[in-house]
Amino acid sequence: MRVILHAGFHKTGTTTLQRALHHNRRALAAHLRLVPRDRMMPAGRSARAWSASRDPLDMALFHYELAEVMAGWDSTDPRPLVTSAEDLCGNMPGRHGVETYAAAAPLMAAIVETLAELHPKAQPEFFFSTRAPQAWLASVHAQHLRAMRMTLSAEDFAQKFRSAADLDAVVDEIARSVAPCPVHRAALEQSAARPLGPLAPLLDLLELPENLRATLEPQPPANTAPPPDCTAELLRLNRSNMDAEALAAAKRALLAGAG
């Protein structure tokens with residue numbers, strides 16, 4: 001059983017890829033089995049918890065949640081099994097005290113271990129979307145401005161989290177931790193220009209026929225950063241003395257207007 005796990009990273013086109021998989025699921029069904037992101041969310045929550053706590057109990061829960069979903073995978077089905085869930089790499093740097101993707105390699109090794117226990121003949125592969133450091137840092141900062149009370153400027157955020165932005169180095173570490181399992185990567189700067197966007201490199205791995213790929217419908221970029229003036233206003237709001245409820249309402253109004 002071939003298993004391809006698209007396990008990260010945040011802000012590298014993952015939501016766009018997931019929406020494209022879901023939108024084209026019927027056309028793809030004869031060629032692959034799709035495990036929706038929501039089925040992987042309990043494991044993703046446990047991965048995020050462990051990335052922040054490094055508590056063995058959180059790692060045990062990660063194994064448990066993985067086993068809960070993997071137990072239902074039919075190893076006799078010849079179609080490759082595909083899932084995409086960026087939270088399997090843990091928290092996005094900047095959340096809950098997490099500053100890098102140092103948790104990613106141990107989490108990927110745990111996935112291999114759990115899968116081997118349940119499906120000894122499974123053949124896991126990992127696929128990661130990457131992004132140039134400067135663009136990734138700017139996108140993560142904008143996401144934090146929307147989702148939490150981030151008060152660092154983009155420049156200060158980039159300085160503090162610069163070591164987290166070398167996503168290729170993280171993939172290299174993951175490859176060492178899960179060897180000999182194949183580990184693939186694709187830069188968003190290259191895949192975004194392709195007709196099917198971030199989905200295209202995943203389809204390359206699956207070696208789907210060109211006549212099928214021609215029928216698939218691309219999806220527009222999802223979860224993109226707001227325009228610069230909106231980002232500046234989000235930072236101002238986060239630095240204000242508003243209480244949490246008022247701040248959330250002001251952000252919702254601002255983002256609705258920007259959309």
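Bear in mind the structure is a predicted one, so any value in this text is a computation, not a measurement.

### Things to note about the pairing of strand β3 (residues 81-84)
Across the two faces of β3 the burial is the same, with Leu81 and Thr83 and Val82 and Ser84 all buried. In the sheet, strand β1 (residues 2-6) pairs with β3 via four bridges, with the strands oriented parallel. Paired with histidine 6 across the strands is serine 84, a residue of β3. Taken together, the three bridges between strand β2 (residues 33-35) and β3 define a ladder with parallel strand orientation. Considered in β3, the bridge of arginine 33 is made with leucine 81.

### Some points on the pairing of strand β4 (residues 123-130)
Burial within β4 is extensive, with seven of its eight residues counted as buried. The pairing of β1 with β4 spans five bridges and is classified as parallel. Paired with valine 3 across the bridge in β4 is proline 124. The pairing of β4 with strand β5 (residues 183-187) spans five bridges and is parallel. Looking at β5, one finds that serine 129 is bridged to alanine 186.

The rules behind each value
- Residues numbered from 1 in each chain as written.
- Predicted model: local features only at pLDDT ≥ 70, side-chain atom pairs only at ≥ 80, totals over all residues.
- Heavy atoms only, no water.
- Buried < 20%, exposed > 50% of the residue type's maximum accessible area, 1.4 Å probe, protein only.
- Helix = DSSP H or I, 4+ residues; strand = E, 2+ residues; numbered from the N terminus.
- Pairing = 2+ DSSP bridges.

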